[in-house]
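Spelled out, the chains give:
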Amino acid sequence: MDRLLENWNIGGVDVVNRVVLAPLAGIGNWFVRLQAKRYGAGMTFSEMVSSHGLAYGDRRTRNEFLRLDPREGPTGIQLFGADPAIMREAAAIVGESGASLIDINMGCPVKKVCRTGAGSSMLRDPDNAVAVATAASEGSGLPVTVKLRPGFKPGERDGVTLAHRLADEAGVAGIAFHPRHASQQHKGLPDYDLAREVVESLPVPVILSGGLLTDVKVRRVFEQTGAAAVMLARGSLGNPWLFERVTGERDGLPEPAEVLDELAWVIDRAGEHYEDGRAARYLRKFYPWYLERLKEFDGTYFTRARLNKINQRLQTTDSLEQARTALDSIDVPAAAGA
Ligand SMILES: Cc1cc2nc3c(=O)[nH]c(=O)nc-3n(C[C@H](O)[C@H](O)[C@H](O)COP(=O)(O)O)c2cc1C
């Protein structure tokens with residue numbers, strides 16, 4: 001049997017396959033995760049959520065970030081923060097939310113996050129990183145995983161050493177490993193050989209992230225690294241069909257009508273998540289991703305110039321009604337055989 005389709009277990013959480021949605025800041029809310037699940041993801045992770053924001057935040061912040069849909073399936077809420085006491089409090093709140101596990105972000109290279117000692121800066125203080133992971137586990141009673149990178153700069157291995165300490169001392173249930181060092185941000189080749197070494201040496205499951213943009217690449221890297229599971233990130237943006245391709249449920253590209261129907265679904269869900277104007281503005285980042293699918297399907301019909309025009313119109317929509325009208329005005333070529 002295809003190992004990608006085998007069920008597995010992480011910290012006592014049963015997962016039906018090895019294909020996971022990565023944490024994506026500003027994107028991975030309940031409906032993006034639900035969408036991934038609808039298309040075959042075995043497990044999903046939330047966008048990163050500030051432990052301080054949760055611990056000090058108002059009910060609305062909690063409701064927005066910790067909103068889960070009962071149809072989502074196993075979901076990890078990703079927290080960031082470098083203060084063990086705050087992490088414990090935030091984790092306790094997550095523990096009440098219905099999430100299956102907590103992931104702690106120790107990989108984010110963004111300055112705003114690192115300046116606070118969180119994200120990839122956690123590699124600089126491994127004792128504190130272990131304390132933060134332990135606090136999350138004790139505070140929530142949930143299994144805890146950590147997402148991290150090998151180090152800050154090429155050749156550094158602090159992240160690998162820390163991963164071992166997190167497993168041995170903090171009892172984390174798994175590691176999500178992105179084998180690009182932090183200074184690479186999201187560019188450059190991930191070091192899959194290093195990932196294999198980490199997979200083979202850690203006593204807990206490793207979920208591999210990085211460079212997984214096509215089904216062919218996912219399968220190759222999954223085999224090459226021996227990882228317990230793979231995490232789809234940029235490859236999944238406006239492309240839930242990638243989950244179907246990876247799980248063998250789809251061969252070809254989605255038809256333009258399917259893409260537009262799916263975008264209409266996203267617009268409807270955004271309207272359930274935010275009030276109308278905010279939803280319309282929030283959706284603007286989603287449009288280019290879906291339009292890319294049209295280009296991919298038929299670049300002679302959906303030329304770059306045509307898609308730019310459609311995108312310009314979508315980018316100026318201020319209400320969901322305007323967004324739906326703009327969407328409805330997109331002509332699609334007749335389906336083959338129609
Ligand atoms: C827009 C965007 C937002 C991201 N947000 C997060 C995040 O909140 N937490 C996290 O651990 N990683 C985050 N990442 C990193 C991804 O989860 C993933 O590790 C990275 O994109 C590498 O995978 P890829 O090359 O397949 O895209 C983000 C990446 C992108 C592109």
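Scroll up to find the structure this text is about.
Since this is a predicted model, take the numbers as computed values, not measurements.

Trainee: For this particular structure, what's the right way to read the overall build of the protein?
Mentor: Along the backbone of the protein there are 15 helices and 10 strands. For a compact globule of 338 residues, the expected C-alpha radius of gyration is about 20 Å, and the protein comes in at 20 Å, within 12% of that figure. Out of the 338 residues in the protein, the part that is buried amounts to 47%. Relative to all contacts within the protein whose residues are 6 or more apart in sequence, the contacts with residues 24 or more apart total 68%.

Trainee: Teacher, can you tell me more about the sheet that holds strand S3 (residues 19–21) here?
Mentor: The pairing of strands in a sheet happens through backbone hydrogen bonds and is either parallel or antiparallel. Strand order in this closed barrel of 8 strands is S3-S4-S5-S6-S7-S8-S9-S10, and the pairing throughout is parallel. Sheet twist, expressed as the average angle between the axes of neighbouring strands with direction ignored, equals 25 degrees. Note: strand S4 (residues 43–50) against strand S5 (residues 75–80), 5 bridges, orientation parallel. Pairing of Ser 50 across the sheet is with Phe 80, part of S5. Here helix H1 (residues 30–38) sits on the sheet and contacts S3, S4 and S5; the angle it forms with S4, its principal contact strand, is near 165 degrees. Each of S5, strand S6 (101–106) and strand S7 (144–148) touches helix H6 (residues 126–140); the most contacted strand, S6, lies at about 160 degrees to it.

Trainee: Help me understand the site of the ligand, please; the structure alone is not making it clear to me.
Mentor: Taken together, 20 residues sit near the ligand, with Ala 22, Ala 25, Met 48, Ala 233 and Arg 234 positioned nearest. By residue class, the composition of the shell around the ligand is 8 nonpolar, 9 polar and 3 charged.

What counts and how
Residues numbered from 1 in each chain as written. Predicted model: local features only at pLDDT ≥ 70, side-chain atom pairs only at ≥ 80, totals over all residues. Helix = DSSP H or I, 4+ residues; strand = E, 2+ residues; numbered from the N terminus. Rg over C-alpha atoms; globule rule 2.2 N^0.38 Å. Buried ≥ 20, exposed ≤ 12 C-beta atoms within 10 Å, placed from the backbone. Contact = placed C-beta atoms within 7 Å. Pairing = 2+ DSSP bridges. Axes fitted to C-alpha atoms, helices over the stretch in contact; angles between N-to-C directions. Near = placed C-beta within 6 Å. Nonpolar A, V, L, I, M, F, W, Y, C, P; charged D, E, K, R; others polar.

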